[in-house]
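# Summary of the model geometry
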Amino acid sequence: NKLYVAMICYDDPAVIRASFCERDRGIGADDNICLLIDTYGDASWAYELNVNPYGIQGDAIWSQNGGEDDSYDLIWESAGKITDSGYQIEAAIPFSSLRFPNKNEQVWKIDFWRNHPREVRGQYSWAAYDRDEPCWPCQWGTVTGIRDVKPGKGIEIMPTFIGYKAGALSGDGTPASQYDFLNEKADGDISLGGKYAVSSNITVEATYNPDYSQVEADADQIDVNSNFALYLPEKRPFFQEGSDLFGTYFNAVYTRLINNPEFAAKLTARMDETSIAYLLARDESTPMILPFEEYSKRFLVKKSTSNILRARRQVGEDSHIGILATDRRIEGGGSGTLLSGDCGIRLSKNYRFMLQAIATHTAEIDNISLINDTNTFDNGNHTAVLDGEKYWGHAAFVVLSRETANLYGELSYLERSPTFRADNGFQPANNMRSLQSNIFYHFRFDEGLVERLTPSLLLRYKKNFVNETKEKNLELGLEGNLRLAQTSFHALYRRQTEKYGGVDFDNVWLIHNCFNSTPGAVLAFGGSINYGNSIYRRGTPKMGRETSASFWFDMKPFSRLLIENSYNYTKMNNLETGNRLYEGYTLFSRWNFQISKGLSFRLVGQYDDFDKCYDIDPLLTYRINPFSIFYIGSTFDYCEFNTFDDEEQEIINGSSTRLASRQFFMKLQYLFQL
């Protein structure tokens, strides 16, 4: 009951690039083989399974709306070895790990890729590709004759045990509390997850009291001059199955807002042309994002219950229609409901039409103490505080695009009403109507240093619902690829006028440059720099001269060690007075040592200059498969505090760095397949 794949790749073994690393991490820059499978043959979603010369796996799921999602995991086996003539790989994919039609004979779309990174990233495929055909999976080969393939009705049970001991500064509001470190008692917890495959295309999944302590902390982001909530990627395993179905043009489902689920359940069904996904979650502590025209508010409330339903139907190849309904109920009062319809229609070979329309209903929590905001919205009809108001809202998005081998152009319109809220989604701003045109053209060169150059033009005009012009934007861009060390670059000039905080700013501009390069198997690096006039948004609006820069580099001193580093810096000066408005940076470093195929050690360190805090997170992992894992690790968070004199009970000059919080944890999780 497995699909077996074997490939022989001829090459000079001395120049093969291969990492002995964690699955899904580090093999993107390696020589590798990729198996692409569209089990439904409708170009709506597909599996991507990669294997490098050491047999290390990388898997992802591709979807029409969301592109590639490399957080997706499958259970499968792989092996590889480097030989005198190149390398060989083998893979065995259980049919129980795949979703496919419940039919006696399968018709799948499949392609085989060989990735060959050298001065340029060479890619070789089994299927022939036409650059004038925008649909990628439509061009894969068709495989027939797969008969009587049945994964069976499988039951998976995944119990988890965690133990932990935490401590933190007391934080009772007094200066002395900065030096009163309290250690909690050691504790433990048990969680349980399960999955039932009703058939090859219908699965039911549930989890009780899940723990995600193994999920790596989010990398620090600089938000010193942003009034909007930050977007963070979803890394938790339970929310991966069916993630492609929940994706729409609006980010109407953002599962990071299910913060600490007490329990959750999920159903995914793919029946011929129709797919259905349903998610139910009971959250112990719920983040809320309140969107407004020029800022958003984020805070935590009590328990909530979320229901999310998605249905999508393919209409021929590379076209679909769909509906989405979400509802979140806050314990003690308050709710947010959303109903959406969307479609993506391929009008012809090169023209595509996309549409989404959303209606929302909000019943606010009646608790004015949750946020401190004296503003009003919707032309003064509603208050920003949470005082139990009820209102409807809407949003719409429409795009017409044309894509050929070298030319891409689109015209789009987007609007969100002042009362639009998507409580289960990520929508940090509203009260906008935006018209945008975007066009770019690829110039390709068969020889010489430059492989491709792509100039681009973007025009955007935005106003609010009382017809105030909020933004006029012109962007000129140029990006390209060189036949040297896999180097790519991007340059952009932006000129705009913007109305912010009641002030008209007509001299906003930006010059942006960035590049990435991989000169060999040992090193990859890149960076960016931005310079221009920008609006200072944290306080009284004023024009500032902003400079920001970032740099990253990944090192592989040897095949088992991957070191990832990044540095981000920003500063702004008042354009009129020259006074410094802000300045700071963040540092990030991740060291991963692969001891064996299943055993690895990871050390993450971060420093945030704005908060004067840094954290160190070591983790030892033994991984049997993506879901059967043992972890033992800790987190140490240090911050800079004012110096406190214990005898005098007062703050004195100077500062010191102290441990602000700490946690030790271990976790044992095992997947039983019955």
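Attention in this report is confined to the structure presented alongside it. Keep in mind that what you see is a predicted model, and the values were worked out from it rather than measured. (Residues numbered from 1 in each chain as written. Predicted model: local features only at pLDDT ≥ 70, side-chain atom pairs only at ≥ 80, totals over all residues. Heavy atoms only, no water.)

Glancing now at the sheet that holds strand β6 (residues 77-83). Spatially, β1-β7-β6 is the arrangement adopted by the three strands of the open sheet, whose pairing is antiparallel. Looking at the sheet topology across the chains shown, the edges are occupied by β1 (2-10) and β6. Across the sheet, the axes of successive neighbouring strands diverge by a mean angle of 10°, strand direction being ignored. Relative to strand β7 (residues 86-94), β1 is paired through nine bridges, and the arrangement is antiparallel. Note that in β7 the partner of Val5 across the bridge is Ala91. (Pairing = 2+ DSSP bridges. Helix = DSSP H or I, 4+ residues; strand = E, 2+ residues; numbered from the N terminus. Axes fitted to C-alpha atoms, helices over the stretch in contact; angles between N-to-C directions.)

Okay, unusual backbone geometry next. Peptide bonds are trans in most cases, and residues, glycine excluded, mostly fall at negative phi. Positive phi, close to 55°, is recorded for Asn209, a residue that is not glycine. Residue classification places Asn209 among the partly exposed positions, given a relative accessible area of 24%. The phi dihedral of Gln486 is positive, around 50°, even though this residue is not glycine. For Gln486, the location among the structural elements is in the loop between β30 (469-482) and β31 (488-500). (Buried < 20%, exposed > 50% of the residue type's maximum accessible area, 1.4 Å probe, protein only.)

Now for the packing of aromatic side chains. Scanning the model with the defined rule gives 33 aromatic pairs in all. A centroid spacing of 5.2 Å and a plane angle of 25° characterise the contact between Tyr408 and Phe440, whose relative ring orientation is stacked. Pair noted here: Tyr408 is in strand β26 (residues 407-416) and Phe440 is in strand β27 (residues 432-441), with a separation of 32 residues, a long-range link. Tyr408 sits in the buried class, given a relative accessible area of 15%. Here the aromatic cluster, defined as three or more aromatic residues joined through ring pairs, consists of Trp62, Trp113, Tyr129, Trp136 and Trp140. Its end group placed over the ring of Phe238, Lys266 keeps NZ or CZ at 4.4 Å from the ring centre. Above the ring of Tyr500, the side-chain terminus of Arg537 is found at 4.8 Å from the ring centroid. (Phe/Tyr/Trp six-rings, centres within 6.5 Å; stacked < 30°, edge-to-face > 60°. Lys NZ or Arg CZ within 6 Å of the ring centre and 35° of its normal.)

Successive residues of a regular strand alternate their side chains across the two faces of the sheet. Burial runs high along strand β33 (residues 523-536): ten of the 14 residues are buried. Relative to β33, strand β32 (residues 503-517) is paired through nine bridges, and the arrangement is antiparallel. Note that in β33 the partner of His512 across the bridge is Asn530. Between the end of β32 and the start of β33, which pair antiparallel, lie five residues. As paired elements, β33 and strand β34 (residues 542-558) share 14 bridges and run antiparallel to each other.

Attention now goes to the state of the cysteines. Applying the stated criterion across every chain, the model contains two disulfides. In this model, Cys135 is linked to Cys138 through a disulfide, with the two sulfur atoms separated by 2.0 Å. Measuring handedness by torsion sign, the sulfur bridge of Cys135 and Cys138 sits at about 75° and is right-handed. The residues Cys135 and Cys138 share a single accessibility class, namely buried. A sulfur-sulfur separation of 1.9 Å characterises the disulfide bridge that pairs Cys613 with Cys639. Judged by the sign of its S-S torsion, about 110°, the cystine formed by Cys613 and Cys639 is right-handed. Taken as a pair, Cys613 in strand β38 (residues 613-623) and Cys639 in strand β39 (residues 629-645) lie far apart in primary sequence, 26 residues in all. Each member of the pair Cys613 and Cys639 is classed as buried. Described in terms of the sequence order of its bonded cysteines, the disulfide pattern of the protein chain is 1-2, 3-4. Here Cys21 stays free of any disulfide, with the sulfur of Cys34 as its closest cysteine sulfur at 15 Å. (Disulfide = S-S within 2.5 Å.)

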